[in-house]
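# A look at the structure
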Number of protein chains: 2
Amino acid sequence: MSRHLTTIIDIAKQLDISKSTVSRALTGHPNVNEKTRQRVLELAEQLDYQRNQLAISLLTNQTRTVGIMVPEFISFFFPKVIIGAQEVLAEAGYNVVICHSNESYETEVNNAKALLASRVDGLIVSHTKETRNFDHFRVFQRKGVPVVFFNRVCEDMNVSKVTVDDYDGAFKAVEHLIQTGRRRIAHLAGPDSLPNSRSRLNGYRDALRQYGIPEEPELVISYDLTLEKANIYVNHLLNLPQPPDALFAINDPTAIEALDVIKARGLRIPDDIAIVGFSNDPISAHIEPGLTTIGQPVSEIGQEAANLLMEQLLDKEENKPPRTVVLGTQLIVRGSTVRNPDNRV
Amino acid sequence: MSRHLTTIIDIAKQLDISKSTVSRALTGHPNVNEKTRQRVLELAEQLDYQRNQLAISLLTNQTRTVGIMVPEFISFFFPKVIIGAQEVLAEAGYNVVICHSNESYETEVNNAKALLASRVDGLIVSHTKETRNFDHFRVFQRKGVPVVFFNRVCEDMNVSKVTVDDYDGAFKAVEHLIQTGRRRIAHLAGPDSLPNSRSRLNGYRDALRQYGIPEEPELVISYDLTLEKANIYVNHLLNLPQPPDALFAINDPTAIEALDVIKARGLRIPDDIAIVGFSNDPISAHIEPGLTTIGQPVSEIGQEAANLLMEQLLDKEENKPPRTVVLGTQLIVRGSTVRNPDNRV
DNA sequence: CTGTTAGCGCGTTCAT
DNA sequence: ATGAACGCGCTAACAG
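Remember, predicted model here, so these are calculated numbers, not experimental data. Here, residues in each chain are numbered from 1, in the same order as that chain's written sequence. Chains and ligands are labelled sequentially in the order written, the chains with letters from A and the ligands with numbers from 1. Reporting in this predicted model follows two pLDDT cut-offs: at least 70 for local features of residues, and 80 or more for side-chain atom pairs to be given and counted; totals over whole chains, interfaces and linings ignore these cut-offs and use all residues. Values shown for side chains rest on all heavy atoms present in the structure; no hydrogens or waters enter the calculation.

### As for the sheet that holds strand 2 (residues 95–100) of chain B
Residue and element names in this part refer to chain B.
- Reading across the sheet, the six strands line up as 2-1-3-4-5-11 and stay open at both edges, with parallel pairing between neighbours. Edge positions in the sheet fall to strand 2 and strand 11 (324–327), since each of these pairs with one other strand and no more. Taking each pair of neighbouring strands and ignoring which way they run, the sheet shows an average axis angle of 15°.
- Any two residues whose heavy atoms approach within 4.5 Å at even a single point are treated as in contact. Only the stretch in contact is used when a helix axis is fitted, and all axes are lines through C-alpha atoms; the angle between N-to-C directions ranges over 0 to 180 degrees. Only DSSP runs of H or I reaching four residues or more are called helices, and only runs of E reaching two or more are called strands; each is numbered from the N terminus. The strands touched by helix 6 (residues 105–117) are strand 1 (65–70), strand 2 and strand 3 (122–125); relative to strand 2, the strand with the most contacts, the crossing angle is about 160°.
- Across the sheet, helix 12 (residues 298–314) lies against strand 1, strand 3, strand 4 (147–150), strand 5 (160–164) and strand 11, angled at about 165° from strand 5, the strand it touches most. Pairing between strands is defined by DSSP: at least two bridges between the two strands are required.

Here it is in structure tokens:
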């Protein structure tokens, strides 16, 4: 296994011409004899010639590759965002390198280093729930590699961002619970470190306030987004002297875990307790009862992120200021909040 | 934004030493004065120096990067395989580039070219359902870049492969249906082009045969794995003069679609018709009733694939022959086949 | 211990 | 229309 791949020099030698000519023929340069070009192209084909992207990147100082880093990609959300971004990026001739940090700050830092070392032209990222320090992302900025955050965004960095209106989504979710008659509405919130979980908490609070319902501190629990903890806290809420009559969960997996716990305890949904999630995970439409949730335009998040990145990539010189795009959400009503939902989606 | 990243030459100039010394200091070469090393390390830190992986790869003719290409990654399966592979690969110091071909042959070919151009050291791949021609993978082989197939494997290529025992899994699924009293067992099969769908079909057939149940051709339908078609064919089966009393679906999404159709028609599961899927998708445990299915060791598939690749990567010289690893499956009984499943997983 | 030189594969001047 | 020479950033071989 010699592992020597054909280079333009090999082709040049065999054809007894210079490598410059081969290079020109291959890249479609106008100044090259049509017959020579044919011979080069033929031999290249015959020899399985593949241009070495490494050499070109080294030469041009751009890889036409962008990195996408996500905290996980088991749930449907991040893969779908990635696909959305990839559509736009591929269209523009960019390759994509996908990394996942596994919700680990350390892995995130390492991935960032690897991405920088491999000289990506740009970075699209949603950080881990552990991330407090963003220096590993600031390096990109400092080196002129544009960064776009989505979903989980660093508020302190002056870069483009894509989010959904988490505040509004949460508000709509809680408003829906209130309008269907609930008064003791619990909220399983995410870690305080994530801006979107703070926004959702604010939406929850403001909805209660607007409808004149006092907030009960014992009904609001922040947790680390693991299902084990979700299980514990749902049980805790149900064991309260005055248990809640509704639960607004930070995301669908949490809501589904809650639903399982509640069903296992023999309570009826939505009669005894109603549940709303966030994100419209595909599972939500399939469970019994269906989960009322807040839908987000997932692919669009990816597309927008890619667009914002392209904006920075193309206007290298003009120094376009970063932009933030906030996308809308949608209340999707299913059986976990009303008996006969009409718009079962 | 100058986009000039610090190089060892910059450091060398500022310290008035040669770039070789800088290189040595940075890579931990023993032959370098400890004081010089300190000065270099300090300045490098201060200047945000990041080694240019491109240059090193060009030089060493290896990128320490492996490509993983999958047909899709919305379902849980492929992401989980990727994570499994990544664990092993990261441990061995390899980076991973993830591509998805979106079940499109054309995209697959393009991805393969890009991966080759960016000089990955190896490739782990599961091909699209459209793929009939494997020349774009053979190029890797020819160039000495090891390839490992998993899940959907090319039978004609002499490379390492990881699969599960699809035949045995299907056999167990159908046997379970027979043992719980079903006789008219339909099978929604995958496209004939996929070896694993052929194996599952064979398992189905042999189970029937072994239990003396004649195969009814009208009960076996091959289709393209899209949910639209699944919907159509399930309805078709139910409209048969003698509808089936059980359905073995090629995978869980298909089974879940069938389950929805069957419930919508007011039939009782498992009394009127039983359903078994394949792959143990997380959704399966959450739907009503739970879906009986065949579990596969998903992360292990990824880990094994990575191991087989490493084997080829390390023994470049010795020319180790490719190996095929076949992993076992597990019948997981839930409510879609028996009223009170005891081992609800 | 350190500096010099060569070369990885390619595109791009600048000549011819 | 073609060739020679240079350089992208780095490591390694060879001299000191």
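### Overview of the protein's contact with DNA strand C
- Close contacts around DNA strand C come from 25 residues, with Lys19(A), Tyr49(A), Ser20(B), Thr21(B) and Leu59(B) the closest.
- A cutoff of 4 Å decides nearness: a residue is near a molecule or strand if any of its heavy atoms lies inside that distance of it. Among atoms of DNA strand C positioned within 4 Å of the protein, sugar and phosphate together represent 52%.
- Distance and chemistry together define a polar contact, namely a pair of N or O atoms within 3.5 Å, with one atom able to donate a hydrogen and the other to accept it when in protein, and with adjacent residues in sequence counting only for side-chain atoms on both sides. Contact between DNA strand C and Ile8(A): a phosphate oxygen at 2.7 Å from a main-chain N or O atom of the residue.
- The separation between a base nitrogen of DNA strand C and a polar side-chain atom of Lys19(A) is 2.5 Å.
- Breaking the surface near DNA strand C down by element, the ones donating at least two residues are helix 2 (19–27) and helix 4 (53–60) of chain A together with helix 2 (19–27) and helix 4 (53–60) of chain B.
- If one sorts the elements of the surface near DNA strand C by residue count, helix 2 of chain A sits on top with five residues.
- Classifying every residue of the surface near DNA strand C by side-chain character gives nine nonpolar, eleven polar and five charged. Residues were grouped as follows: Ala, Val, Leu, Ile, Met, Phe, Trp, Tyr, Cys and Pro as nonpolar; Asp, Glu, Lys and Arg as charged; and all remaining residues, including Gly, as polar.

### Topic: the side chain of Thr65(A)
- Positionally, Thr65(A) belongs in strand 1 (residues 65–70).
- Residues contacting Thr65(A), with those up to four places away along its chain left out, are Tyr94(A), Asn95(A), Val97(A), Val120(A), Asp121(A) and Gly122(A).

### Side note on the state of the cysteines
- Defined by distance alone, a disulfide is two cysteine sulfur atoms within 2.5 Å. For the structure shown, the criterion picks out zero disulfides over all chains.
- The thiol of Cys99(B) is not disulfide-bonded; the next cysteine sulfur, from Cys99(A), is found 12 Å away.
- For Cys99(B), a relative accessible area of 9% puts it in the buried group.
- Cysteine Cys154(B) remains unbridged, with the sulfur of Cys99(B) as its closest cysteine sulfur at 19 Å. Relative accessibility decides the category of a residue: with a 1.4 Å probe and only protein chains considered, values under 20% of the type maximum give buried, values over 50% give exposed, and everything between is partly exposed.

### Focus: the interface of chain B and chain A
- Counting from both sides, the interface comprises 52 residues of chain B and, opposite them, 51 residues of chain A.
- When two parts are brought into contact, each loses some accessible area as probed by a 1.4 Å sphere; the total of that loss over both is the buried area. When chain B packs against chain A, the two sides together hide about 4900 Å² of surface, and 60% of this comes from carbon and sulfur.
- Any Lys or Arg side-chain nitrogen found within 4 Å of a carboxyl oxygen on Asp or Glu counts as a salt bridge. Between the two partners, chain B and chain A, sit four salt bridges.
- Applying the counting criterion to the chain B and chain A interface returns twelve residue pairs in polar contact (both at pLDDT 80 or more).
- Every element with two or more residues in the side of chain B that touches chain A is listed here: helix 4, helix 5 (77–91), strand 2, helix 6, helix 7 (135–142) and helix 11 (252–264) of chain B.
- Broken down by class, the residue content of the side of chain B that touches chain A amounts to 24 nonpolar, 15 polar and 13 charged.

### Describing the nonpolar core
- Residues grouped as a nonpolar core are buried Ala, Val, Leu, Ile, Met, Phe, Trp, Tyr and Cys residues, joined through side-chain atoms within 4.5 Å. Core analysis: the largest hydrophobic core is formed by 92 residues, its most contacted members being Tyr204(A), Phe248(A), Tyr204(B) and Phe248(B).
- The residues contacting Phe248(B), other than those within four sequence positions of it, are Ala170(B), Ala173(B), Val174(B), Leu177(B), Ala186(B), His187(B), Leu188(B), Arg200(B), Tyr204(B), Val276(B), Gly277(B) and Phe278(B).
- Within the second largest apolar cluster, 62 residues are counted, among which are Leu313(A), Val325(A), Ile68(B) and Met310(B).

### Quick word on the packing of aromatic side chains
Residues and elements named next belong to chain A.
- For Phe, Tyr and Trp, where Trp contributes only its six-membered ring, two rings pair if their centres lie within 6.5 Å, and the inter-plane angle classes them as stacked under 30 degrees, edge-to-face over 60, or tilted in between. Applying the stated criterion to the full structure yields 16 aromatic pairs over all chains.
- The interplanar angle of 65° and the centroid separation of 6.0 Å between the aromatic rings of Phe78 and Phe150 together place this pair among those described as edge-to-face. Taken together, the positions of Phe78 in helix 5 (residues 77–91) and Phe150 in strand 4 (residues 147–150) put the pair 72 residues apart, joining distant regions of the chain. Per residue, the accessibility class of Phe78 equals that of Phe150, and both read buried.
- Their ring planes at 75° and their centres at 6.4 Å tell us that Tyr223 and Tyr233 sit as a pair that is edge-to-face. With a gap of ten residues between them, Tyr223 in the loop between strand 7 (220–222) and helix 10 (227–238) and Tyr233 in helix 10 connect regions that are remote in the sequence.
- Three or more aromatic residues joined by ring pairs make a cluster, and in this case those are Phe76, Phe77, Phe78 and Phe150.

### A look at unusual backbone geometry
- Residue Pro270(A) is bonded to the preceding Ile269(A) through a cis peptide linkage, with omega at 5°.
- Following the sequence through the fold, Pro270(A) ends up in the loop between helix 11 (252–264) and strand 9 (274–276).
- The residue after Glu288(B), namely Pro289(B), is reached through a cis peptide bond having omega -10°.
- If you trace the backbone, Pro289(B) turns up in the loop between strand 9 (274–276) and strand 10 (293–295).
- Even without a glycine there, the phi angle at Glu103(A) is positive, about 60°.
- One can find Glu103(A) in the loop between strand 2 (95–100) and helix 6 (105–117).
- We note that Asn151(B) has phi near 60°; this positive angle belongs to a residue other than glycine.

### A closer look at the domain arrangement of chain A
- Note: domain ranges come from an automatic or database domain assignment. According to the domain assignment, chain A consists of domain 1 (8–51), domain 2 (63–164 + 298–325) and domain 3 (166–296).
- Taking only C-alpha atoms into account, the centre of domain 1 of chain A sits 65 Å from that of domain 3 of chain A.

### Focus on the protein's contact with DNA strand D
- In the region of DNA strand D, 25 residues are neighbours, and Ser18(A), Leu59(A), Lys19(B), Ser23(B) and Tyr49(B) sit closest.
- Measuring from a phosphate oxygen of DNA strand D, one finds a side-chain N or O atom of Thr36(A) at 3.1 Å.

### What to know about the pairing of strand 2 of chain B
Residues and elements named next belong to chain B.
- Here strand 2 lies mainly inside the structure; five of its six residues are buried.
- Note that strand 1 and strand 2 share six bridges and pair parallel. Considered in strand 2, the bridge of Met69 is made with Cys99.
- Looking down the strands as they point away from the viewer, one classifies a crossover as right-handed if the path from the first strand across the helix to the second runs clockwise. Remark: the strand 1/helix 5/strand 2 crossover connection has right-handed handedness.

### Topic: helix 1 (residues 8–15) of chain B
Residue and element names in this part refer to chain B.
- Within the span of helix 1, buried status applies to Ile11, Ala12 and Leu15. Looking straight down helix 1, one finds that the buried residues subtend no more than 100° of arc, so they occupy a single side. Exposed and facing more than 90 degrees away from the buried side of helix 1 are Lys13 and Gln14.
- Structurally, helix 1 contributes buried residues whose contacts are with helix 2 and helix 3 (34–46).
- The opening residue of helix 1 is Thr7, an N-cap whose side-chain oxygen sits 3.1 Å from the backbone nitrogen of Ile9.
- Following helix 1 by one or two positions, Asp16 has its phi on the positive side, about 55°. What the arc describes is the spread of directions from the helix axis to the C-beta atoms.

### Here's the deal with the packing of helix 2 of chain B against helix 3 of chain B
Residue and element names in this part refer to chain B.
- At a minimum axis distance of 9 Å, the contact between helix 2 and helix 3 shows a crossing angle of 85°. One finds that helix 2 runs roughly perpendicular with respect to helix 3. Here Thr21, Val22, Arg24, Ala25 and Leu26 of helix 2 come into contact with helix 3, specifically with Thr36, Arg37, Val40, Leu41 and Ala44.
- Split by residue class, the contact of helix 2 with helix 3 holds six nonpolar, two polar and two charged. Our angle categories are set so that under 35 degrees counts as roughly parallel, over 145 as roughly antiparallel, 65 to 115 as roughly perpendicular, and the remainder as oblique.

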